[in-house]
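# Analysis of the macromolecular model
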Amino acid sequence: MTDTHAPDLAMSLGEDYPEIRESVRRICADFPGAYWRELDEREAYPSEFVKAMTEAGFLAALIPEQYGGPGLPLRAAGVILEEIHASGGNAGATHAQMYTMGTVLRHGSQAQKDKYLPKIAAGELRLQAFGVTEPTTGTDTTRLKTRAERDGDEYVINGQKIWTSRALYSDLMLLLARTTPLDQVAKRTDGLSVFLVDMREAVGNGMTIRPIKAMINHNTTEVFFDNLRIPADSLVGPEGKGLRCILDGMNAERILVSHESLGDAKWFVRTAVRYANERVVFDRPIGKNQGIQFPIAKAYAQTQAAELMLKQAAAMFEAGLPCGEQANLSKLLTAEAAWEAGEACMQTHGGFAYAREYDIERKWREARVQRTAPISTNLILSYLAEHVLGLPRSY
């Protein structure tokens, strides 16, 4: 069993980054529930919202100042996502540009950073597509079948990705492909490489994107590669070491999306409390009934505990400390808190929870995905069992 004691860290116990929170709330006030409901009905992309967030500089949160971004800490970026969800919106159209940034910043060449980061910071380019998952391999990433073969000054890519959200609205894609066949590597984690693909040139020239109709409006797609040729300098990091480059950013991804679940949980609790106080049945507010009170109170307790874990994870990440345990715990606890809060909110509202005008059923659907993606709660439990508790590997 590993030592789970974290070193002394400075960590705010109150509401941190108040100026950022207030700025995000003001933007979100211009995009109320009716806006998100209408998009959901049309399965449309929130272009106006993304534009507003871009113009405010929030989508460039993690880009260093030397490239035109504000260079904010990971916690500040997470607060942006949290407030979007706590305001009733959804950050699915904005978060990838944050959690893919770590791979580019840490492993991208200087030429790649100089070429792309200033334009991303200025809102001229979008890095919103992340091509990793495949239909036949799922989370068994080392067995992915998309191939990238070197041919002179180019790589030729063939294969398929699935659940690649926002691909139709992105200019760039961070792509993981196998450059050395699995049976030719000493370790199964070797032979994978990361590429920064310019989709503006790729679509129609070997890349085909097809939308997937899904339970939630995440504008997700499947992407096909048919002899797509990309410049050799699209390679991010060393050839064959791409999985490490991707995993390097996984803790940041877990911490960032955990803030979304935290925001959802807060929205559900606040919405349930308000309705429980206002709804009168049998001449009394339904909030007087313990059957209503207890689920909401339990969800609130879970939310508070999950937030403390998340703050610790973010603080450890910023301090450059190993935080795999804390990042995964945050993802698990916030996703579960959001789900329990969503269930409490649904039960509190009764039949009205199913009416779209209340936004609860939409938020409930959106909150559920966090128990599955970008990593499932079961895989987190497996990680904790093996790498934290020292139990035998289960798969």
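Above: the structure in question.
So, how was this worked out
Residues numbered from 1 in each chain as written. Predicted model: local features only at pLDDT ≥ 70, side-chain atom pairs only at ≥ 80, totals over all residues. Heavy atoms only, no water. Helix = DSSP H or I, 4+ residues; strand = E, 2+ residues; numbered from the N terminus. Buried < 20%, exposed > 50% of the residue type's maximum accessible area, 1.4 Å probe, protein only. Contact = heavy atoms within 4.5 Å. Areas by Shrake-Rupley, 256 points an atom, 1.4 Å probe, with all protein chains shown as cover. Lys, Arg positive; Asp, Glu negative; His and termini not counted. Charge placed at Lys NZ, Arg CZ, Asp CG, Glu CD. Expected span 1.5 Å × (residues − 1). Core = buried A, V, L, I, M, F, W, Y, C linked by side-chain atoms within 4.5 Å. Salt bridge = Lys/Arg side-chain N within 4 Å of Asp/Glu carboxyl O. Pairing = 2+ DSSP bridges.

Let us now look at the overall build of the chain. Scanning the chain from terminus to terminus reveals 14 helices and 10 strands. Viewed in the frame of its principal axes, the chain has a C-alpha envelope of about 80 × 50 × 40 Å. When each of the 395 residues of the chain is scored for burial, the buried share is 53%. Nonlocal contacts in the chain, meaning residues at least 24 apart in sequence, comprise 73% of its contacts between residues at least 6 apart. As displayed, the chain has an accessible area near 17900 Å², and 51% of this comes from carbon and sulfur atoms. With 44 positive and 50 negative side-chain charges, the chain shows a spacing of 3 Å between the two charge centroids.

Summarising the element assignment, T180 is placed in the loop between β4 (172-178) and β5 (192-198). Residues contacting T180, with those up to four places away along its chain left out, are V185 and G191.

A few words now on helix α11 (residues 290-318). Owing to its 3.6 residues per turn, the α-helix brings residues three or four apart onto one side. Here α11 spans 42 Å end to end across 29 residues, near enough to the 42 Å set by a 1.5 Å rise per residue. Note on α11: the residue one or two positions beyond its end, G320, has a positive phi of about 75°.

What follows covers the nonpolar core. Counting residues in hydrophobic clusters, the biggest one holds 67 residues, and the most contacted among them are F49, I80 and I120. Per-element accounting of this core gives the leading share, 7 residues, to helix α4 (residues 74-86). Counting residues in hydrophobic clusters, the runner-up holds 21 residues, among them A276, A341, M346 and A353.

All chains considered together, the criterion is met by 28 salt bridges. The partner of K213 in a salt bridge is E43, and the shortest N-O contact between them spans 2.8 Å. Of the two residues, K213 is situated in the loop between β6 (207-211) and β7 (221-231) and E43 in the loop between α2 (33-42) and α3 (47-55); the sequence distance between them amounts to 170 residues. Here K51 ties to E55 by a salt bridge, and the two come within 2.5 Å at their closest N and O atoms. Placement of both K51 and E55 in helix α3 is noted, with a separation of 4 residues, approximately one turn of the helix.

Further remarks concern the pairing of β5. Regular strands place side chains that alternate from one sheet face to the opposite one. Among the 7 residues that make up β5, 7 are buried, leaving the element largely enclosed by the rest of the structure. Of the two faces of β5, the one carrying L192, V194, L196 and D198 and the one carrying S193, F195 and V197 are both buried. Across 2 bridges, β5 lies against strand β8 (residues 235-236) in antiparallel orientation. Each residue of the ladder has a partner; that of F195, found in β8, is L235.

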